[in-house]
Amino acid sequence: MALLSDRIALVTGSTSGIGRGIARRFAALGAKVVVHGRDQAGASQTLEAIGGEGGEAAWFAADLADAAACSRLVAFSVERFGGLDILVNNAALTTRGDIEHVPLHIVDSLFAVNLRAPLLLIQAAVPHLKARGGGAIVNIGSVNAYIGEPKLCPYSVSKGGLMTLTKNTAAYLNRYRIRVNQINVGWTLTEGEDRVKQLEGKGERWLEDAERTRPLGRLLRPDDVANAVIYFASDDSALVTGAVMDLEQYPIGAPPNW
């Protein structure tokens, strides 16, 4: 029997990048997956990839800045597949801004999607996870949660808040056998990261330059993140809750070894 057979999983922000990698791996391990995101073309690619590998998935488009959309997304998941066992809060905005110059509308949008939405999704998911006798929630954070780059001020603050949400909800939801854990992801190569580096004027060789700074010779890939998520989502971590894993090649706070 596959590791996630008979599990129903909702993965937010899964029309590309890390979320797509998680959704594909979940489906390959037997889960029925709800793909979420606003990009129809990206959603089609994720669904085609899952279907081509023999998996089962459905897509729901929702803007998580809309509070009501969070409960609609969970309701769709339950109606489509008959329940919910796993929630992965992956969707996030990464809009740049330092403390001196970031405008209020950027702060509000980042906090709404990166922090309020995970809280509301967890809240909406709890009754359905309880009905299944428990479940797993995995929040995708960032190593920026601890301090963060100055140009990522509100983003970093939102991910720090997500860590507190993870531990607070883990302390409460363990009474229902609902586990909540977080992965603070380091520098990861995705379509979005490539696009951002091009916009920042890093040039076409930015990846070569970046990989020379990594002790293990490459950036993280979505599959690396998916491996960690699978651990927290499956029975392999049956007694683990409230944990935060830093998925990075340098221990947080350690100086680079060069």
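A quick note: this is a predicted structure, and the numbers were derived from the prediction, not measured.

With that settled, consider the pattern of salt bridges. In the structure shown here, the tally under the stated rule is 11 salt bridges. The closest approach of N and O atoms between Arg24 and Glu53, which form a salt bridge, is 2.2 Å. You can see Arg24 sitting in helix H1 (residues 17-28) and its partner Glu53 sitting in the loop between helix H2 (40-52) and strand E3 (56-60), a full 29 residues away along the chain. The exposure class of Glu53 is partly exposed, given its relative accessible area of 42%. Notably, a salt bridge pairs Asp63 with Arg38, separated by 3.7 Å at the nearest N-O pair. In this pair, Asp63 sits in the loop between E3 and helix H3 (67-81) while Arg38 sits in the loop between strand E2 (32-36) and H2, placing the two residues 25 residues apart along the sequence.

The strand order across the open sheet built from 7 strands is E3-E2-E1-E4-E5-E6-E7, with neighbouring strands paired in parallel fashion. Both outer strands of the open sheet, E3 and strand E7 (244-247), are each paired with one neighbouring strand and no more. Recorded for the sheet is a direction-independent mean angle of 20° between the axes of neighbouring strands. In this sheet, strand E6 (residues 178-185) lies alongside strand E5 (residues 135-142) in parallel orientation, the contact comprising 8 bridges. Note on E6: the bridge partner recorded for Ile140 is Ile183. Here helix H5 (residues 153-173) sits on the sheet and contacts E5, E6 and E7; the angle it forms with E6, its principal contact strand, is near 160°. Here helix H8 (residues 222-233) sits on the sheet in contact with strand E4 (86-89), E5, E6 and E7, set at roughly 165° to E6.

As a further point, take the nonpolar core. Membership of the largest hydrophobic core comes to 30 residues, with the highest contact counts inside it found for Leu84 and Ile137. Where this core is concerned, the elements lending two or more residues are strand E1 (8-11), E3, H3, helix H4 (104-131), H5 and E6. Per element, the largest residue contribution to this core is 7 residues, and it comes from H4. Not counting the four nearest positions on each side in its chain, Ile137 is found in contact with Leu87, Asn89, Ile122, Leu129, Leu173, Ile178, Arg179, Val180 and Asn181.

Their axes nearest at 9 Å, the elements H3 and H4 cross at an angle of 35°. Seen from above, H3 lies across H4 with right-handed handedness. Judged by residue contacts, Ala67, Cys70, Ser71, Leu73, Val74 and Val78 of H3 engage Arg116, Ala117, Leu120, Leu121, Ala124, Ala125 and His128 from H4. Of the residues that constitute the contact of H3 with H4, the class distribution is 10 nonpolar, 2 polar and 1 charged.

Once that is clear, we can look at the pairing of E6. For E6, a buried count of 8 out of 8 residues is recorded, marking the element as mostly surrounded by other parts of the structure. Burial along E6 is two-sided: the face carrying Ile178, Val180, Gln182 and Asn184 and the face carrying Arg179, Asn181, Ile183 and Val185 are both buried. Two strands pair when backbone bridges link them, and E6 and E7 are joined in this way by 4 bridges, in the parallel orientation. Across the sheet, residue Ile183 finds its bridge partner in E7, namely Met245.

Another aspect to go through is the packing of aromatic side chains. Enumeration according to the criterion identifies 4 aromatic pairs in this entry. Centre to centre, the rings of Phe60 and Phe76 are 4.9 Å apart; their planes meet at 35°, and the pair counts as tilted. With a gap of 16 residues between them, Phe60 in strand E3 and Phe76 in helix H3 connect regions that are remote in the sequence. Sitting above the plane of the Tyr176 ring, Lys130 keeps its charged end 4.2 Å from the centroid.

Rules of the game
Residues numbered from 1 in each chain as written. Predicted model: local features only at pLDDT ≥ 70, side-chain atom pairs only at ≥ 80, totals over all residues. Heavy atoms only, no water. Salt bridge = Lys/Arg side-chain N within 4 Å of Asp/Glu carboxyl O. Helix = DSSP H or I, 4+ residues; strand = E, 2+ residues; numbered from the N terminus. Buried < 20%, exposed > 50% of the residue type's maximum accessible area, 1.4 Å probe, protein only. Pairing = 2+ DSSP bridges. Axes fitted to C-alpha atoms, helices over the stretch in contact; angles between N-to-C directions. Contact = heavy atoms within 4.5 Å. Core = buried A, V, L, I, M, F, W, Y, C linked by side-chain atoms within 4.5 Å. Left-handed = near helix turned anticlockwise from the far one by under 90°. Nonpolar A, V, L, I, M, F, W, Y, C, P; charged D, E, K, R; others polar. Phe/Tyr/Trp six-rings, centres within 6.5 Å; stacked < 30°, edge-to-face > 60°. Lys NZ or Arg CZ within 6 Å of the ring centre and 35° of its normal.

What is shown is where atoms sit, not what they do.
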